[in-house]
Every structure is written in C-alpha cells, then in structure tokens.
Amino acid sequence: QVQLVESGGGLVQAGGSLRLSCAASGRTFSNYVMGWFRQAPGKERTFVAGIRWSGDRTYYADSVKGRFTVSRDNDKNTVYLQMNNLKPTDTAVYYCAVRQGTMVITTQYDYWGQGTQVTVSS
C-alpha cells in the first residue's frame, strides 16, 4: 500500500514555471516506478514523465521534452515535476502515480494521487 499526495499546482501565465511535488508514504519497494500523468477536460489521461525509484534514467512525453524535468528525493520519499516554459496546452489536472516493476511508460500504475490543477493562461 502506497499513499500519494500531490501539491504545487496553480495558475501561471504562459512561459512561466511550476514545480509539482508528490509525497509518498506507506510500504515501498526498490523496484517501484514513479510517473506523472495529466488529464485535460474531455481528453484522455496521458503520460507526462516518469522515473524509477533507483537510477537516473528519465522518460518524457514528446509534448513536454525540453520543458519538464522529473526528479526524486529518496530521503524525503518525494517525486518532483519541474515544469518550465508552460503553455496553455499544458492546462490539466496532474496526477502522480506509482507502480511496482520497471516499465515506466504505461497507464497501468497501481497507486494514484488525488491530482492537482495546473492552469496556464495566455
């Protein structure tokens, strides 16, 4: 069992930045994968970025490459999503998620946070 709590969402102007945090608690394992997803109104939930609990390899959707950075702090049990040069098309509810295993780019995650709203104005 893992509990996830996101924070850091808000309203920002196009070109601005936000940093999302996802604090994890509960039982964890060394082969866990941490991911970020987003869902805009009327759209499917899509993968944004991900990182394994161990190692430095990161994964990104094409739409956010070069603008978003996913990172983690194992001591704080926290995963971050640094979002730079935000665009109105980034507006969505952002969710962090955790799954057991090594595959990152998949929608089949085991635990999900409650989501945090990110709104980017033009």
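Values in this document were obtained by computation on a predicted structure and should not be read as measured data.

### Observations concerning the packing of aromatic side chains
Here is step 1: According to the stated counting rule, one finds 4 aromatic pairs in the structure shown.
Here is step 2: Ring centres of Phe37 and Tyr109 lie 5.1 Å apart, and the angle between their planes is 80°; on these two criteria the pair is classed as edge-to-face. With Phe37 in strand 4 (residues 32-39) and Tyr109 in the loop between strand 9 (92-100) and strand 10 (111-112), this residue pair connects regions lying 72 residues apart in the sequence. For the pair shown, Phe37 and Tyr109 are each scored as buried.
Here is step 3: Ring geometry for Phe37 and Trp112: centres 4.9 Å apart, planes at 55°, overall tilted. In this pair, Phe37 sits in strand 4 while Trp112 sits in strand 10, placing the two residues 75 residues apart along the sequence.
Here is step 4: With relative accessibility at 26%, the residue Trp112 sits in the partly exposed group.

### Side note on the state of the cysteines
Here is step 1: Counted under the stated rule, the structure contains 1 disulfide.
Here is step 2: Sulfur-sulfur distance for the disulfide between Cys22 and Cys96 comes to 2.1 Å. Given an S-S torsion of about 60°, the disulfide between Cys22 and Cys96 has right-handed geometry. Of the two residues, Cys22 is situated in strand 3 (residues 18-26) and Cys96 in strand 9; the sequence distance between them amounts to 74 residues.
Here is step 3: Since its relative accessible area comes to 1%, Cys96 is described here as buried.

What counts and what doesn't
- Residues numbered from 1 in each chain as written.
- Predicted model: local features only at pLDDT ≥ 70, side-chain atom pairs only at ≥ 80, totals over all residues.
- Heavy atoms only, no water.
- Phe/Tyr/Trp six-rings, centres within 6.5 Å; stacked < 30°, edge-to-face > 60°.
- Helix = DSSP H or I, 4+ residues; strand = E, 2+ residues; numbered from the N terminus.
- Buried < 20%, exposed > 50% of the residue type's maximum accessible area, 1.4 Å probe, protein only.
- Disulfide = S-S within 2.5 Å.

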